[in-house]
Amino acid sequence: MSEEIDLKEIERKAYLSYHQDGLIDVFIGLAALFLATFLWLAPDMLIFIMGTMFMWTLLYIAAKKSVTVPRLGYVEFSKERNTKTSVILLYIVVLNIVSLVITLWGWLNPSMFLIIEAHGFLVVGAAVASIFVVVAYSTGIHRFYTYGVVTLLAFSVSHFLVLPFYLPILSLGLVMAVAGMLMLYQFIRKYPKESTGEELDARFATR
């Protein structure tokens, strides 16, 4: 029993270390800045821009292999850890379905549409903030709680001050990109590449 607990604790620390490079923060931040820029300059291209979001995932994977793996090695986490990641994806899918249902309901019900339109900033802010909270709770990466608070504050302030929709997205993107770049700088300094280029294959399997 104690050995199993120790293995889980080792895996937890390895997982957190593997995500201290700040790369996920940088890429989410840059994607948010990209989205905000087009919402500002070319809002009619929103559908096209949403279609390009997949490229950020590919770029993140490539950066992870280039920056993190050479320094910490290749890590394969347990099925339990991967299940938690699946829960996050499932939550995002369910949230999108609920959003679609509410949107369709608003189209069919003019009075409901007016309510949604009047509180759109708060609804979107709460939805995005909830994703960060779920990510933080599921993964143990606590800085995502902070991003959730920043998201809620940015959208709330924009709602009450009647600011353009792209501004809270821009604010969130700046916060995440800057925070991620600072973490990336510290990570590279803390874990310089080995001259041999040897990678560690650390596998964590559930028992």
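Residues numbered from 1 in each chain as written. Predicted model: local features only at pLDDT ≥ 70, side-chain atom pairs only at ≥ 80, totals over all residues. Heavy atoms only, no water.

## Quick word on the overall build of the chain
Right, on to step 1. Scanning the chain from N- to C-terminus turns up 9 helices and 2 strands.
Right, on to step 2. Helices (α) and strands (β) of the chain occur, in sequence order from the N terminus, as α-α-α-α-β-α-α-α-α-α-β.
Right, on to step 3. Across the 207 residues of the chain, 37% fall into the buried class.
Right, on to step 4. Counting contacts in the chain only where the partners sit at least 6 residues apart, residues at least 24 apart contribute 80% of the total. (Helix = DSSP H or I, 4+ residues; strand = E, 2+ residues; numbered from the N terminus. Buried < 20%, exposed > 50% of the residue type's maximum accessible area, 1.4 Å probe, protein only. Contact = heavy atoms within 4.5 Å.)

## Examining the pattern of salt bridges
Right, on to step 1. Enumeration over the complete set of coordinates arrives at 2 salt bridges.
Right, on to step 2. In this structure, the salt-bridge partner of Lys64 is Asp21, at a minimum N-O distance of 2.6 Å. Placement of Lys64 in helix H4 (residues 53-72) and of Asp21 in the loop between helix H1 (2-18) and helix H2 (23-41) is noted, with a sequence separation of 43 residues between them.
Right, on to step 3. For Lys64, a relative accessible area of 9% gives the class buried. (Salt bridge = Lys/Arg side-chain N within 4 Å of Asp/Glu carboxyl O.)

## Regarding the packing of H4 against helix H9 (residues 166-190)
Right, on to step 1. It is at 11 Å that the axes of H4 and H9 come closest, and there the two elements cross at 35°. Between H4 and H9 the crossing geometry is left-handed. Residues Val67, Thr68, Arg71 and Leu72 of H4 pack against Leu184, Phe187 and Ile188 of H9.
Right, on to step 2. The residue makeup of the contact of H4 with H9, split by class, is 5 nonpolar, 1 polar and 1 charged. (Axes fitted to C-alpha atoms, helices over the stretch in contact; angles between N-to-C directions. Left-handed = near helix turned anticlockwise from the far one by under 90°. Nonpolar A, V, L, I, M, F, W, Y, C, P; charged D, E, K, R; others polar.)

## Here we look at the packing of H2 against H4
Right, on to step 1. Where H2 contacts H4, the two axes come as close as 10 Å, and the packing angle between them is 150°. As judged from the angle between their axes, H2 and H4 are roughly antiparallel. In the crossing of H2 with H4, the sense of the turn from one axis to the other is right-handed. Two secondary-structure elements touch here, H2 through Leu23, Ile24, Phe27, Leu30, Ala31 and Phe34 and H4 through Met53, Met55, Trp56, Leu59, Tyr60, Ala63, Lys64, Val67 and Thr68. (Parallel < 35°, antiparallel > 145°, perpendicular 65-115°, else oblique.)

## As for the packing of aromatic side chains
Right, on to step 1. For the structure on display, the rule yields 12 aromatic pairs.
Right, on to step 2. An angle of 75° between the planes, with centres 6.1 Å apart, marks the rings of Phe27 and Tyr60 as edge-to-face. Placement of the pair is Phe27 in helix H2 and Tyr60 in helix H4, with a sequence separation of 33 residues. The exposure classification of Phe27 matches that of Tyr60, with both residues buried.
Right, on to step 3. Where Phe121 meets Phe155, the ring centres are 6.4 Å apart and the plane angle is 50°; that geometry is what we call tilted. Placement of the pair is Phe121 in helix H7 (residues 120-139) and Phe155 in helix H8 (residues 143-161), with a sequence separation of 34 residues.
Right, on to step 4. Judged by its relative accessible area of 17%, Phe121 falls in the buried class.
Right, on to step 5. Here a set of aromatic residues connected by ring pairs shows up, and it is made of Phe27, Phe34, Phe38, Trp56 and Tyr60. (Phe/Tyr/Trp six-rings, centres within 6.5 Å; stacked < 30°, edge-to-face > 60°.)

## Examining the environment of Tyr166
Right, on to step 1. Among the structural elements, Tyr166 can be located in helix H9.
Right, on to step 2. Each C-alpha atom, one on Tyr166 and one on Phe155, is 9.8 Å from the other, the two residues being 11 residues apart in sequence.
Right, on to step 3. Residues within four places of Tyr166 in sequence aside, it is in contact with Ala36, Leu39 and Trp40.
Right, on to step 4. In this structure the side chain of Tyr166 is engaged in a polar contact, spanning 3.5 Å, whose partner is the side chain of Trp40. (Polar contact = N/O pair within 3.5 Å; in protein donor to acceptor, adjacent residues only side chain to side chain.)

## Some thoughts on the confidence of the model for the chain
Right, on to step 1. Here the chain averages 81 in pLDDT, and 82% of its residues register 70 or above.
Right, on to step 2. Across the chain, H8 holds the top mean pLDDT of 96, while strand S2 (residues 201-203) sits lowest at 45.
Right, on to step 3. Low pLDDT, under 50, characterises residues 195-207; the stretch is placed with 25 contacts to residues that sit more than four places away or in other chains. (pLDDT = per-residue confidence, 0-100.)

## A look at unusual backbone geometry
Right, on to step 1. Positive phi is not limited to glycine here, since Val162 has a value of about 55°.
Right, on to step 2. In this fold, Val162 is placed in the loop between H8 and H9.
Right, on to step 3. Judged by relative accessible area, which is 70%, Val162 ranks as exposed.

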